[in-house]
Amino acid sequence: MTRLSDVARAAGVHPGTASRALNPDTRHRVSAETAKRVLAVAESLGYQPNSVARALRTRRSRMVAILIPDLTNPLFPPIVTGVEEALAVEGYSALLVSTDNDEEKEARLFAELRGRQCDGFVVATARRTHPLLEHAAAQGVPMVLVNRVLDDRRVPSVTADETAGVDAVVRHLTGLGHRRIAHLAGPQDLSTGLVRRRAFLDSCAHAGLDPRHTPVVDATSFSEAAGTAAMDDVLATYRGADRPTAVFAANDLLALGALDALAASGLRCPEDMSVTGFNDMPFLTRMTPPLTTVHVPQQQIGAEAARMLLQCIERPGPPRSLLLGCDLVVRASTGPARQS
């Protein structure tokens, strides 16, 4: 196994110089010519730096942990890709872990990752009130939230402009003549569920819709099964002329569940009811009908979160939040309101 001293000897430099040349954080402390020579020798000898020893010496592992709540949710792979690509540019690597929406598992994993000297965390598991994350933030653990935020906003975050996205949905549906619009809201202990619910009601009020014709059903989770159950609730409660002509689901999985419920009830989309989602997951164009939804730049969110986290690691400061724009993508699941 090639050692640092072997690289230094072959390059004709002191081991300390070789160490500085091989470390991206200290490479600027040697001449460009020396660094180039050391790197070339290291590559020719197949030298692999001892990352564990370096972490113990510098207290930096150049490793970032990414916590997601559900590995099977297609929302998260683009976020992870964005994080990994932005980290790689700066010489960092990522560890991906799924908490499976299990608080005990999340606490255990978080402690283990801190024990492995991860330099920081990109977290997609935040609930509006989240003692684990709040405690870690109070201890100064570098952390950036993606997709969701805490109520107290003491942790940096990168999210989409959900209010603007929801308003675009409501304006699109009212523009098609819909005056009775139901909302399948996400869980209210998550910021995404709460913000989109509030934005829906505010947008409907601004459009002059009768509150009696804009019912809201809170889904138990952001899942297809929960979307089916919530849509079944709407269909059982509102019948005949009172039935909504459109439904806005708080995410695409809820919308998929709503479409299943409509099909099981013998209703057509969009002829009998228009359906919209939020997030623009992959493969929505292959559905029948393709889903109208709000496109959220998830990969960009991941990349911006990684950059923000590296800033927190290098130059700690007051927490800041970044909102990225999102766009309505109109497809075949929405059409003109049916005539009573």
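For the structure given in this document, a descriptive report is provided here. (Residues numbered from 1 in each chain as written. Predicted model: local features only at pLDDT ≥ 70, side-chain atom pairs only at ≥ 80, totals over all residues. Heavy atoms only, no water.)

We now examine the layout of surface pockets. For the largest pocket, the calculated volume is near 440 Å³. In terms of lining residues, the largest pocket is bounded by 26 residues, among which P69, N101, R148, L190 and F222 are the most central. Those elements giving two or more residues to the lining of the largest pocket turn out to be α6 (103-115) and α9 (191-206). Looking at the lining of the largest pocket residue by residue, the class counts come to seven nonpolar, 11 polar and eight charged. (1 Å grid on protein atoms, 1.4 Å probe; cavity = no way out; pocket = protein on both sides within 12 Å on 5 of 7 lines; lining within 4 Å. Points joined across faces, edges and corners; volume = space filled by probe spheres on them. Helix = DSSP H or I, 4+ residues; strand = E, 2+ residues; numbered from the N terminus. Nonpolar A, V, L, I, M, F, W, Y, C, P; charged D, E, K, R; others polar.)

What follows deals with the side chain of T214. As for its position among the elements, T214 is in the loop between α9 and β7 (216-218). Here the side chain of T214 touches P211 through a polar contact of 3.2 Å, landing on its backbone oxygen. Ignoring any residue separated from it by four or fewer positions in sequence, one finds T214 in contact with I181, F200, L201, C204 and L209. (Polar contact = N/O pair within 3.5 Å; in protein donor to acceptor, adjacent residues only side chain to side chain. Contact = heavy atoms within 4.5 Å.)

This next bit is on the packing of α6 against helix α7 (residues 131-138). Look at α6 against α7: their axes get within 10 Å of each other, and the N-to-C directions meet at 25 degrees. Taken as axis vectors, α6 and α7 run roughly parallel relative to one another. Taking contact as the criterion, the partners of E106, A107 and F110 in α6 are, on α7, L132, L133 and A136. When grouped by side-chain class, the residues that make up the contact of α6 with α7 number five nonpolar, no polar and one charged. (Axes fitted to C-alpha atoms, helices over the stretch in contact; angles between N-to-C directions. Parallel < 35°, antiparallel > 145°, perpendicular 65-115°, else oblique.)

Looking now at the environment of L284. If you trace the backbone, L284 turns up in the loop between β9 (274-276) and β10 (293-295). Separated by 251 residues in the primary sequence, L284 and E33 have C-alpha atoms spaced 52 Å apart. Residues contacting L284, with those up to four places away along its chain left out, are D252, L256, P290, L291, T293 and R331.

Before going further, it helps to spend a moment on the pattern of salt bridges. According to the stated counting rule, one finds 15 salt bridges in the structure shown. Among the ionic pairs, R127 bridges to E103, the shortest N-O distance being 3.7 Å. Pair noted here: R127 is in the loop between β3 (120-123) and α7 and E103 is in helix α6, with a separation of 24 residues, a long-range link. The partner of D272 in a salt bridge is R268, with the nearest N and O atoms 3.3 Å apart. Assessed through its relative accessible area of 14%, D272 is described here as buried. Linked through salt bridges whose partners overlap, the residues forming this network are R3, D6 and R9. (Salt bridge = Lys/Arg side-chain N within 4 Å of Asp/Glu carboxyl O. Buried < 20%, exposed > 50% of the residue type's maximum accessible area, 1.4 Å probe, protein only.)

Our next topic: helix α1 (residues 4-11). It helps to recall that an α-helix has 3.6 residues per turn; residues three or four apart then point in one direction. Among the residues of α1, V7, A8 and A11 are the ones counted as buried. Around the axis of α1, the buried residues are gathered within 100 degrees of arc, so they sit on the same side. G12, located one to two residues past α1, shows a positive phi value of around 70 degrees. (Arc of directions from axis to C-beta.)

This part takes up the packing of aromatic side chains. What the rule picks out here adds up to three aromatic pairs. Judged by centre distance (4.2 Å) and plane angle (20 degrees), the rings of F110 and F121 are stacked. Pair noted here: F110 is in helix α6 and F121 is in strand β3, with a separation of 11 residues, a long-range link. Where F248 meets F278, the ring centres are 6.5 Å apart and the plane angle is 55 degrees; that geometry is what we call tilted. You can see F248 sitting in strand β8 (residues 246-249) and its partner F278 sitting in the loop between β9 and β10, a full 30 residues away along the chain. Exposure class is identical for F248 and F278. Each is buried. (Phe/Tyr/Trp six-rings, centres within 6.5 Å; stacked < 30°, edge-to-face > 60°.)

Our next topic: the packing of helix α10 (residues 224-237) against helix α11 (residues 252-264). Following both chains from N to C, one finds α10 and α11 inclined at 50 degrees, their axes separated by 6 Å at the closest point. Taken together, α10 and α11 sit at an angle that is classed as oblique. At the point where α10 passes α11, the crossing takes the right-handed sense. Residues E224, A226, G227, T228, M231, D232 and L235 of α10 lie in contact with α11, whose contacting residues are L253, L254, L256, G257, A258, D260, A261 and L262. Here the contact of α10 with α11 is built from residues that sort into nine nonpolar, three polar and three charged. (Left-handed = near helix turned anticlockwise from the far one by under 90°.)

Once that is clear, we can look at the side chain of T26. Along the chain, the position of T26 falls in the loop between α2 (15-22) and α3 (32-45). Classification of T26 as buried rests on a relative accessible area of 16%. When residues no more than four places from it in sequence are discounted, the contact partners of T26 are S19 and R20.

Strand β1 (residues 63-68) sits mainly inside the fold: five of its six residues count as buried. Two strands pair when backbone bridges link them, and β1 and strand β2 (residues 93-98) are joined in this way by six bridges, in the parallel orientation. Counterpart to A65 in the pairing with β2 is L95. Read from β1 through helix α5 (residues 76-89) to β2, the crossover connection turns out right-handed. Across four bridges, the pairing between β1 and β3 is parallel. Bridge assignment links L67 to a residue of β3, and that residue is V123. (Pairing = 2+ DSSP bridges. Right-handed = clockwise from strand over helix to strand, strands pointing away.)

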